[in-house]
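Given next are the chains, with one letter for each unit.
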Amino acid sequence: MKNLFLLLTILLGLNSCNSWLDVQPYDRVAEDVVFGSVKGFENALNGIYIELNTNSLYGQYLSCEMIEMMAQRYNVNKSNVFNYDLMLHKYTEEGCKIRFESIWEKAYSLIANINLLLKNCETHRDVLTDEYYYLLKGECHALRAFMHFDIFRLFAPVYDLSVNTISLPYYTEFSLDKRPAYKPEEFMNCVIADLHSADSLLQNDPVLKEGTDMVHDNAFMSYRKYRLNKYGVQLLLARAELYRGNKEAALVAARKVIDVQKQWFPWVTREAVSSGRPDPDRVFYGEILWGLQNSNLSVLHTSLFDGENLSPEIMLAPLGGQIDRIFEDNRDDYRYEAYFRNRQLIGGLAYNLFEKFKTTQDTTAGTIIPLLRVSEAFYIAAECEPNPSDGLEWLNQVLTHRGIQKLEDENYLASMLEKEYIREFWGEGQLFFYYKRLKYPSIHKADDATYTTMMEMEMSDYQIPIPEEESKYN
């Protein structure tokens with residue numbers, strides 16, 4: 001694997017103020033020192049979460065930027081060649097290839113770091129209490145599944161076992177040499193196995209009794225919303241099972257999240273998202289099962305979405321006419337209010353500015369990148385219920401808490417779910433994978449204000465090419 005960054009390197013960078021780390025070489029001695037204390041394990045896991053925030057992963061490419069352009073979220077200006085190529089799915093262009101390589105390298109280097117941490121959980125078992133041991137291992141198995149699953153959703157073909165021939169590496173141990181390649185079904189079996197292991201290891205996760213926003217004297221046990229906790233694992237399991245077509249298992253997992261929604265993940269209120277507040281909750285913070293703490297969200301907004309300071313050649317925004325159609329002129333939709341309240345004429349075109357990550361006085365809700373939210377559990381349940389009328393009940397619970405009239409006709413369940421995936425997950429990187437899972441033959445083009453022109457999709461348009469230096473192994 002090209003440019004593998006060992007966990008020790010990350011730790012040394014994160015903890016440069018610790019002189020006892022500064023003087024250690026990058027070898028076994030340093031590894032023993034790092035994992036010779038509980039604090040070392042904490043720093044190691046924190047370092048992995050911090051690295052998930054890099055631009056190559058969920059700090060930009062796989063949340064609000066690259067993957068959203070591929071889903072036709074923004075009307076990209078032709079002069080912005082790199083982004084325009086992405087929007088048109090010209091994956092072999094150099095700018096696209098550079099991004100894809102950085103995703104592959106960063107994701108697999110973090111997986112190596114996760115496996116190194118897991119190895120040391122056993123090597124240094126005497127350092128850890130049972131509580132720490134199971135919590136650390138549970139989160140690591142969950143993170144390993146999460147990272148591999150997104151690699152699969154990006155680089156594998158659409159999930160069709162009758163035609164899939166590609167193999168991708170799934171690493172279950174720390175190794176610089178082995179390249180264990182798996183066919184699609186085998187790969188997804190590994191994802192599911194890791195998630196079940198995580199679910200079992202996290203059976204005493206503090207989140208079960210205290211929710212995701214608890215505060216302890218021990219900071220490592222606090223704010224489980226920023227860690228891949230047990231509820232996040234259950235929702236991720238529902239997402240993965242649905243992706244591979246196992247609706248029965250997906251429904252079981254989704255129901256476990258739905259069952260605790262009222263207790264731990266309350267629906268956002270219309271008042272909370274109001275643009276008239278100095279601290280509007282644009283991310284619907286209480287509904288997030290897991291997200292990344294990112295203190296640079298204001299910088300992200302300014303560099304990508306700020307209509308007051310960015311030129312149309314750079315800014316990412318949807319055309320106003322599209323927003324009108326997507327939200328069906330319903331200004332009471334909470335997401336319209338939270339994300340797209342402001343419209344601006346730029347270069348002769350009307351845009352609705354995307355403001356989900358705009359600066360707010362709320363330093364909690366204003367510094368999180370959502371990765372898993374409770375509404376997805378309801379959408380999955382709605383899609384997976386054998387009886388459409390039961391599915392309608394799950395969907396209507398979301399609609400009621402988004403300012404939308406309930407759906408009465410179960411015949412429109414699938415079309416409403418499509419609308420909801422489009423409206424709900426702006427800037428969260430899920431729409432492209434929704435289209436891919438359902439093998440959409442065409443999707444709405446981003447450059448048509450009427451929202452009627454469709455982009456034809458070949459199945460290859462849903463598959464990012466494996467980097468050339470890696471493809472020879474697969």
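The model shown is predicted, which means the values in this text are computed figures rather than measured ones.

S.K.: Account for the overall build of the protein chain, with residues named and values stated.
M.R.: From N to C terminus, the protein chain includes 21 helices and 8 strands. By its C-alpha atoms, the protein chain is 65 × 50 × 50 Å across when sized along the principal axes. The burial tally for the protein chain puts 59% of its 474 residues in the buried class. Restricting to contacts in the protein chain with at least 6 residues of sequence separation, those with at least 24 account for 68%.

S.K.: Kindly report on the packing of aromatic side chains, identifying the contributing residues and their values.
M.R.: What characterises a pair of aromatic rings is the spacing of the ring centres plus the angle enclosed by the ring planes. Here the structure, examined in full by the defined rule, presents 42 aromatic pairs. Where tyrosine 74 meets phenylalanine 354, the ring centres are 6.4 Å apart and the plane angle is 45°; that geometry is what we call tilted. Here the residue tyrosine 74 occupies a position in the loop between helix 5 (66-70) and helix 6 (81-87), and phenylalanine 354 occupies one in the loop between strand 5 (349-352) and strand 6 (368-373), the gap between them amounting to 280 residues. Each member of the pair, tyrosine 74 together with phenylalanine 354, is buried.

S.K.: Any details on the nonpolar core? Residues and values, ideally.
M.R.: Of all hydrophobic cores here, the largest spans 157 residues; its most connected members are Leu52, Phe155, Leu228 and Trp290. Looking at which element gives the most residues to this core, the answer is helix 8 (residues 130-155), with 15 residues. Ignoring anything within four residues of it in the chain, the contact list for tryptophan 290 reads Tyr49, Leu52, Leu143, Phe146, Lys225, Tyr226, Arg227, Leu228, Pro370, Leu371 and Leu372. Of all hydrophobic cores here, the second largest spans 7 residues; its members include Leu310, Met315, Tyr351 and Leu353.

S.K.: Got a sec to walk through empty space enclosed by the protein? Specific residues and values, please.
M.R.: Within this structure, the stated rule accounts for 8 cavities of 30 Å³ or more. Estimated volume of the largest cavity: approximately 130 Å³. In terms of lining residues, the largest cavity is bounded by Phe149, Arg153, Arg239, Leu242, Tyr243, Glu376, Ile380, Tyr421, Gln430, Phe433, Tyr434 and Arg437. For the lining of the largest cavity, the secondary-structure elements that each account for two or more residues are helix 8, helix 11 (230-243), helix 17 (374-384) and helix 20 (431-437). Split by residue class, the lining of the largest cavity holds 7 nonpolar, 1 polar and 4 charged. Looking at the second largest cavity, its volume works out to about 80 Å³. Looking at the second largest cavity, the residues that line it are Ala71, Gln72, Arg73, Gln322, Ile326, Ile422, Trp426, Leu431, Tyr435, His444 and Tyr451. For the lining of the second largest cavity, the secondary-structure elements that each account for two or more residues are helix 15 (320-326) and helix 20. Within the lining of the second largest cavity, the residues separate by chemical class into 7 nonpolar, 3 polar and 1 charged.

S.K.: Go over the packing of helix 17 against helix 18 (residues 388-400) with me, naming the residues and quoting the values.
M.R.: Running from N to C, helix 17 and helix 18 cross one another at 155°; their axes reach a closest spacing of 7 Å. Classified by the angle their axes make, helix 17 and helix 18 are roughly antiparallel. Where helix 17 crosses over helix 18, the two elements pack in a sense that is left-handed. Taken together, the residues of helix 18 that come into contact with helix 17 (itself represented by Ser375, Phe378, Tyr379, Ala381 and Ala382) are Gly391, Trp394, Leu395, Gln397 and Val398. Classifying every residue of the contact of helix 17 with helix 18 gives 7 nonpolar, 3 polar and no charged.

S.K.: Mind laying out the environment of glutamine 397, listing which residues take part and the relevant values?
M.R.: Considering the arrangement of structural elements, one finds glutamine 397 in helix 18. A C-alpha to C-alpha distance of 24 Å links glutamine 397 and phenylalanine 432, two positions 35 residues apart in sequence. Filtering out sequence-adjacent residues up to four positions away, glutamine 397 remains in contact with Trp267 and Phe378.

S.K.: Residue-level account of the confidence of the model for the protein chain, with values.
M.R.: Looking at the protein chain, pLDDT values average 91 and 92% of them are 70 or higher. Every residue in residues 1-27 is under pLDDT 50, and counting partners more than four places away or in other chains gives 49 contacts.

S.K.: Run through the pairing of strand 4 (residues 343-346), naming residues and quoting values.
M.R.: Inspection of the sheet shows strand 4 paired to strand 5 by 4 bridges, in the antiparallel sense. When the sheet's bridge partners are listed, isoleucine 346 is paired in strand 5 with leucine 349. The hairpin formed by strand 4 and strand 5 contains 2 residues between the paired strands, and glycine 347 there has a positive phi angle of roughly 60°.

S.K.: Could you give an account of the pattern of salt bridges, with specific residues and numbers?
M.R.: A complete count under the given rule lists 36 salt bridges for this structure. A salt bridge links glutamate 139 to arginine 227, with the nearest nitrogen and oxygen atoms 3.2 Å apart. Taken together, the residues glutamate 139 in helix 8 and arginine 227 in the loop between helix 10 (207-210) and helix 11 connect sequence positions 88 residues apart. Judged by relative accessible area, which is 0%, glutamate 139 ranks as buried. Glutamate 241 serves as the salt-bridge partner of arginine 244, at 2.9 Å between the closest nitrogen and oxygen. For glutamate 241, a relative accessible area of 4% gives the class buried. By sharing partners, the salt bridges in this structure join Glu287, Glu328, Asp333, Arg335, Arg402, Lys419, Glu420, Arg423 and Glu424 into a single network.

Thresholds, definitions, all that
Residues numbered from 1 in each chain as written. Predicted model: local features only at pLDDT ≥ 70, side-chain atom pairs only at ≥ 80, totals over all residues. Heavy atoms only, no water. Helix = DSSP H or I, 4+ residues; strand = E, 2+ residues; numbered from the N terminus. Buried < 20%, exposed > 50% of the residue type's maximum accessible area, 1.4 Å probe, protein only. Contact = heavy atoms within 4.5 Å. Phe/Tyr/Trp six-rings, centres within 6.5 Å; stacked < 30°, edge-to-face > 60°. Core = buried A, V, L, I, M, F, W, Y, C linked by side-chain atoms within 4.5 Å. 1 Å grid on protein atoms, 1.4 Å probe; cavity = no way out; pocket = protein on both sides within 12 Å on 5 of 7 lines; lining within 4 Å. Points joined across faces, edges and corners; volume = space filled by probe spheres on them. Nonpolar A, V, L, I, M, F, W, Y, C, P; charged D, E, K, R; others polar. Axes fitted to C-alpha atoms, helices over the stretch in contact; angles between N-to-C directions. Parallel < 35°, antiparallel > 145°, perpendicular 65-115°, else oblique. Left-handed = near helix turned anticlockwise from the far one by under 90°. pLDDT = per-residue confidence, 0-100. Pairing = 2+ DSSP bridges. Salt bridge = Lys/Arg side-chain N within 4 Å of Asp/Glu carboxyl O.

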